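# A look at the structure
What follows is the residue order along each chain.
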Amino acid sequence: MEKSAIIVGAGLVGSLWAVYLSKAGYKVTIYERRPDIRKAEISAGKSINLALSVRGWTALKGVGVENEVDEIAIPMHGRIMHDTTGETTYQPYGKEGQAIYSVSRGGLNARMMNIAEEKGNAKIHYNKQCIDADLEAGIVYLKDSETGEEFKDQADVVFACDGAFSAVRYNAMQKTDRFDYKQDYIDDGYRELLLPANDDGSYRLDKNALHIWPRGRFMLIALPNEDGSFTCTLFMPFEGENSFETLKADADVDRFFKETFPDFYEICPNLIESWHDHPLSSLAIVRCYPWTNGKFALMGDAAHATVPFYGQGMNGGFEDCTVMASLMEKHNEDWPAVFAEYQKQRKPDGDALQDLSVHNYYVMRDYVADPQFLLQKKIEARFNEMYPNKWLPLYSQVSFSNIRYSDAWNAGMHQDAIMKKVMDRPDIASVWDSKEVEEHILELLEKA
Ligand SMILES: Cc1cc2nc3c(=O)[nH]c(=O)nc-3n(C[C@H](O)[C@H](O)[C@H](O)COP(=O)(O)OP(=O)(O)OC[C@H]3O[C@@H](n4cnc5c(N)ncnc54)[C@H](O)[C@@H]3O)c2cc1C
């Protein structure tokens, strides 16, 4: 008998998971609420840019589709911080050769859909919105958004990859007994801007870096696109001083950019037009449990939506595929056993991914321009060079390894406590690269 699976949502995670399932011999049907995005023109800058890192690549490699994605990915080897006078400071992300990769979400999603259809033999049905589910029976209730027709489909297993505001979670799982659910909006929102290419198609900023204009309570970032442009995002509070609330009139926006990001203002033509081109959007963290029920499992943002400050939402969702695939093999597709272990093992990692994301929000916003923070990172990098087995910086654990998020988070908090003691030395700026500091760290590590 043919094994069947339904995936709700042909987003990034759903499209990748389809390939894994089909390689395991499943007939895969995907229901997607939106029309086929490949038929609409996706211009660079009309889509969020995402940073793809090691966990994401690991999941892509798991089904041999990394080369297709590599073709549209731009390496970023470090961050370039822009201060209020336009001076820049460079901070590498990791060791020589290590990079995170800028990809357009729309472009990547379109490519992932091609991969799901061509390599995953998945059948994607567009304009089909999931409106309810029967968890025990493996039934998905759907509505055709063009005709209004309602129908249902059933499979052996169903995966809800329908994003942060998952319909399966909301309409079915949340109605079950003892289902925990928490949704928190942060105080900040975001708005995108396009920094176009020069007339000759060249980049206006260094292409191989993630650019940040950190300003304490708010920040602007820019990630490169393939066509020479950058997708830029302004993150700031909705209300209060220096907030979106104070940027209502065009003149206010113009003055704000001129005074706050002068080097960006100089190179960004059509700032106001670009400002109006994108809506103001909000950011939420969604925590829930359990992640599975009957024949259904939540994956990706549907299980653990987070704020984007560690660039790990998609990477974590892709890693769900790696974990689910390995458990599928381990339990020989005994789905109740697979689901039980998946949620038990993966929930602490989803929580840690969210804790890490919030932590990096503060790092990017408040600390990346702080000389003490930069010195701390220099000490950590030096110590890591000397003792790579004793100290892997938190950023590297998260972005350049497949260490579990929960282990990385615990190790990172432990490292922070050690570095606090080291940075407390009044003479640290002059002795940071001394034997004494090195031995102090070793001693603190030993004690712990
Ligand atoms: C500003 C911003 C920046 C980000 N930057 C990064 C980054 O640098 N790196 C990173 O790793 N992550 C980043 N993320 C997070 C990343 O975008 C998400 O984690 C990722 O898109 C999650 O993939 P997903 O497939 O789970 O959900 P989605 O990509 O949201 O896909 C869900 C799919 O389900 C469909 N759907 C929804 N409801 C229904 C329904 N009822 N019926 C049928 N289909 C439905 C949707 O149309 C969509 O196609 C960022 C997010 C934001 C907002």
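Because the structure is a prediction, the values reported are computed rather than measured. (Residues numbered from 1 in each chain as written. Predicted model: local features only at pLDDT ≥ 70, side-chain atom pairs only at ≥ 80, totals over all residues. Heavy atoms only, no water.)

Let us look at the packing of aromatic side chains. The tally for this structure, following the rule as stated, stands at 29 aromatic pairs. When the ring of Tyr31 is compared with that of Phe151, the centres are 6.1 Å apart and the planes differ by 65 degrees; the resulting orientation is edge-to-face. Here Tyr31, found in strand β2 (residues 26–31), pairs with Phe151, found in strand β11 (residues 150–154); they are 120 residues apart in sequence, far enough to count as distant. For Tyr31, a relative accessible area of 6% corresponds to the buried category. Given a relative accessible area of 23%, Phe151 falls into the partly exposed group. Between the NZ or CZ atom of Arg55 and the centre of the ring of Tyr405, over which it lies, the distance is 4.0 Å. (Phe/Tyr/Trp six-rings, centres within 6.5 Å; stacked < 30°, edge-to-face > 60°. Helix = DSSP H or I, 4+ residues; strand = E, 2+ residues; numbered from the N terminus. Buried < 20%, exposed > 50% of the residue type's maximum accessible area, 1.4 Å probe, protein only. Lys NZ or Arg CZ within 6 Å of the ring centre and 35° of its normal.)

In this section: the layout of surface pockets. Estimates place the volume of the second largest pocket at around 1100 Å³. In this structure, the second largest pocket is lined by 40 residues; those nearest its centre are Gln91, Phe373, Gln376, Lys377 and Glu380. For the lining of the second largest pocket, the secondary-structure elements that each account for two or more residues are β6 (88–92), α11 (335–367), α12 (371–386), α13 (394–399) and α14 (405–423). Ranked by residue count, the leading element in the lining of the second largest pocket is α12, at eleven residues. (1 Å grid on protein atoms, 1.4 Å probe; cavity = no way out; pocket = protein on both sides within 12 Å on 5 of 7 lines; lining within 4 Å. Points joined across faces, edges and corners; volume = space filled by probe spheres on them.)

Here we come to the nonpolar core. Grouped together as the largest cluster of nonpolar side chains are 74 residues, with contacts concentrated most on Leu16, Trp17, Leu21, Phe159, Met324 and Trp335. With sequence-adjacent residues up to four places away left out, Trp17 is seen in contact with Ile7, Phe159, Met299, Cys321, Met324, Ala325 and Met328. (Core = buried A, V, L, I, M, F, W, Y, C linked by side-chain atoms within 4.5 Å. Contact = heavy atoms within 4.5 Å.)

Moving on, we get to the side chain of Asp320. Tracing the backbone shows Asp320 in helix α10 (residues 313–330). Take Asp320: its relative accessible area is 0%, and that puts it in the buried class. For Asp320, the side chain forms a polar contact with the main-chain nitrogen of Gly300, separated by 2.8 Å. What Asp320 contacts, discounting residues up to four positions off in sequence, is Met299, Gly300, His304, Tyr342 and Arg346. (Polar contact = N/O pair within 3.5 Å; in protein donor to acceptor, adjacent residues only side chain to side chain.)

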